[in-house]
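Results of the structural survey
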Amino acid sequence: METESLGVSALSLADECCSTEEDLVKLTTTSEEVEKEKNSGGFEDLLELPVESPERRPTCLRCSRPQKVCLCPFLPVHPLEVSTCLYIVQHPAEESRVLRTVPLLAACLPPGKCKVLIGRRFNEERYPELASVCQTPGTLILYPGSDAENLEELDLNSSSAAYNIIIIDGTWSQAKDMFYRNSLFRLPKQVQLKTTLSSQYVIRTQPTNTCLSTLECAAIALSIMEKNDSIQEVILRPLKALCSFQLEHGAQVHHSKEHLLKNGLYDKPMPKNKRKLKRMERLLNILYCICPS
């Protein structure tokens, strides 16, 4: 009898322990759920809602702008007739920018006269057409520098063949990196624009007052190559319309860094990167030479 009593007592104790463990597990689980609910801020149910992919606004096929702000009324009715072919080598970061100028440039010209190639590195294996163009005597690359000839002073009557112009599309630091890291770009004759015109692309900051957008460079270059000043006016028209629209809807005029420094309006801290700091110091030295105190 004593053995049976001991057995029953042991079983009761075991059941009680099990019951206590279950209660502890339940209590722990409940505490964790309460803690999770606190941490989620009561938005746990929202996490279970289906995610809807955002619908992109319909885009105009010609100017690549949203249809509601289409710039086609400012484009030429028919593409401009030009003999010069443009090759725009574009940094990948430019492709995702909202206010790009290259689509507007391409919309002004026949499809075969404005070819856009996207990438950072260009070699003969991956870009055989571009490599062939770079080796053609009638090809020019538009990039400023001490080795560049002024396009306005170039003798264009020496060859009857059509010319090709390569233009690098990107920020100035991106363009510099692409120019010096691609040996193909050292094959064509290097040219630059002598113009003193200020950029019309006032919704994007430029290093100096005379730094131009890709569209503006192309417009001036084509007007020189084709000996037709009206080409520049036609190509610049959609750019002016784009800037006017943006300014009317809240955008601010972006003065160049040169203008801001010259007038004591540059309120950003000086760059910590040594290369950027040297560029800024060179710009300041140029300004002090032009406008000594």
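Conventions we followed
Residues numbered from 1 in each chain as written. Predicted model: local features only at pLDDT ≥ 70, side-chain atom pairs only at ≥ 80, totals over all residues. Heavy atoms only, no water. Helix = DSSP H or I, 4+ residues; strand = E, 2+ residues; numbered from the N terminus. Buried < 20%, exposed > 50% of the residue type's maximum accessible area, 1.4 Å probe, protein only. Contact = heavy atoms within 4.5 Å. Areas by Shrake-Rupley, 256 points an atom, 1.4 Å probe, with all protein chains shown as cover. pLDDT = per-residue confidence, 0-100. Pairing = 2+ DSSP bridges. Axes fitted to C-alpha atoms, helices over the stretch in contact; angles between N-to-C directions. Phe/Tyr/Trp six-rings, centres within 6.5 Å; stacked < 30°, edge-to-face > 60°. Core = buried A, V, L, I, M, F, W, Y, C linked by side-chain atoms within 4.5 Å. Salt bridge = Lys/Arg side-chain N within 4 Å of Asp/Glu carboxyl O. Expected span 1.5 Å × (residues − 1). Parallel < 35°, antiparallel > 145°, perpendicular 65-115°, else oblique. Left-handed = near helix turned anticlockwise from the far one by under 90°. Nonpolar A, V, L, I, M, F, W, Y, C, P; charged D, E, K, R; others polar.

Comments concerning the overall build of the protein chain
- Along the protein chain, the regular secondary structure elements total 10 helices and six strands.
- Considering the protein chain as a whole, with its 293 residues, one finds that 36% of them fall into the buried category.
- The long-range share in the protein chain, meaning contacts at least 24 apart out of those at least 6 apart in sequence, stands at 73%.
- Of the roughly 19200 Å² of accessible surface on the protein chain, 53% is carried by carbon and sulfur atoms.

A short note on the confidence of the model for the protein chain
- Chain-level statistics for the protein chain give a pLDDT mean of 78 and a share of 65% at 70 or above.
- Note on residues 1-11: pLDDT is under 50 here. Beyond four places in sequence and across chains, it has zero contacts.
- Below pLDDT 50 for its whole length, residues 286-293 participates in four contacts with residues either more than four positions away or in separate chains.

So, the sheet that holds strand S4 (residues 149-150)
- Pairing within the open sheet is parallel, and its six strands lie in the order S2-S1-S5-S3-S6-S4. The open sheet has two edge strands, strand S2 (114-118) and S4, and neither has a second partner.
- With two bridges joining them, S4 and strand S6 (residues 189-192) adopt parallel strand pairing. Pairing of Glu 149 across the sheet is with Val 191, part of S6.
- Helix H6 (residues 172-181) contacts strand S1 (85-90), strand S3 (139-142), strand S5 (164-169) and S6 of the sheet and is inclined by roughly 130° relative to S5.
- Sheet strands in contact with helix H7 (residues 214-225) are S1, S3 and S5, and its direction is about 165° off that of S5.

Things to note about the pairing of S3
- Residue alternation in S3 divides its side chains into two sets, Thr 139 and Ile 141 and Leu 140 and Leu 142, and both sets are buried.
- Sheet analysis places S3 next to S5, joined by four bridges and oriented parallel. The partner of Ile 141 across the bridge, within S5, is Ile 166.
- Bridging between S3 and S6 involves three bridges; their strand directions are parallel. Residue pairing in the sheet places Leu 142 in a bridge with Val 191 of S6.

Some remarks on the environment of Pro 144
- Inspection of the secondary structure puts Pro 144 in the loop between S3 and S4.
- Residue classification places Pro 144 among the partly exposed residues on the basis of a relative accessible area of 39%.
- Separated by 50 residues in the primary sequence, Pro 144 and Lys 194 have C-alpha atoms spaced 9.5 Å apart.
- Ignoring any residue separated from it by four or fewer positions in sequence, one finds Pro 144 in contact with Trp 172, Gln 190, Val 191 and Gln 192.

A closer look at the packing of aromatic side chains
- Counted under the stated rule, the structure contains five aromatic pairs.
- Measuring from ring centre to ring centre gives 5.8 Å for Phe 122 and Phe 185, while their planes differ by 40°; the resulting arrangement is tilted. Here Phe 122, found in the loop between S2 and helix H5 (128-134), pairs with Phe 185, found in the loop between H6 and S6; they are 63 residues apart in sequence, far enough to count as distant. Assigned by exposure class, Phe 122 and Phe 185 land together as buried.
- With centroids separated by 6.3 Å and ring planes inclined at 90°, the aromatic side chains of Tyr 143 and Tyr 180 adopt a geometry described as edge-to-face. Within this pair, whereas Tyr 143 is found in the loop between S3 and S4, its partner Tyr 180 is found in helix H6, the two being separated by 37 residues in sequence.

Focus: the nonpolar core
- By size, the foremost hydrophobic cluster in this structure holds 45 residues, and its most contacted members are Leu 86, Leu 105, Leu 109, Leu 151, Leu 193 and Ile 235.
- Among the elements that make up this core, the one with the highest residue count is H7 (nine residues).

What to know about the pattern of salt bridges
- This model, assessed by the stated rule, comprises five salt bridges.
- For Glu 129, the salt bridge goes to Lys 115, with nearest N and O atoms at 2.8 Å. Pair noted here: Glu 129 is in helix H5 and Lys 115 is in strand S2, with a separation of 14 residues, a long-range link.
- The class for Lys 115 is partly exposed, based on a relative accessible area of 28%.
- Salt bridges sharing common partners tie together Arg 121, Asp 177 and Arg 181.

Remarks on H7
- For H7, with 12 residues, the first-to-last C-alpha span of 16 Å sits near the 16 Å given by 1.5 Å per residue.
- Counting buried positions along H7 yields 12 of 12 residues, so the element is predominantly enclosed.
- Within H7, burial applies to Thr 214, Leu 215, Glu 216, Cys 217, Ala 218, Ala 219, Ile 220, Ala 221, Leu 222, Ser 223, Ile 224 and Met 225.
- At its buried positions, H7 is contacted by S1, helix H4 (102-108), S3, S5 and helix H8 (230-248).
- Following H7 by one or two positions, Lys 227 has its phi on the positive side, about 55°.

What to know about the packing of H7 against H8
- At a minimum axis separation of 8 Å, H7 and H8 run at an interaxial angle of 165°. For the element pair H7 / H8, the angle class is roughly antiparallel. For the pair H7 and H8, the crossing hand works out as right-handed. Along its contact with H7, which presents Leu 215, Glu 216, Ala 219, Ile 220, Leu 222 and Ser 223, the element H8 presents Ile 231, Gln 232, Ile 235, Leu 236 and Leu 239.
- For the contact of H7 with H8, the per-class residue count stands at eight nonpolar, two polar and one charged.

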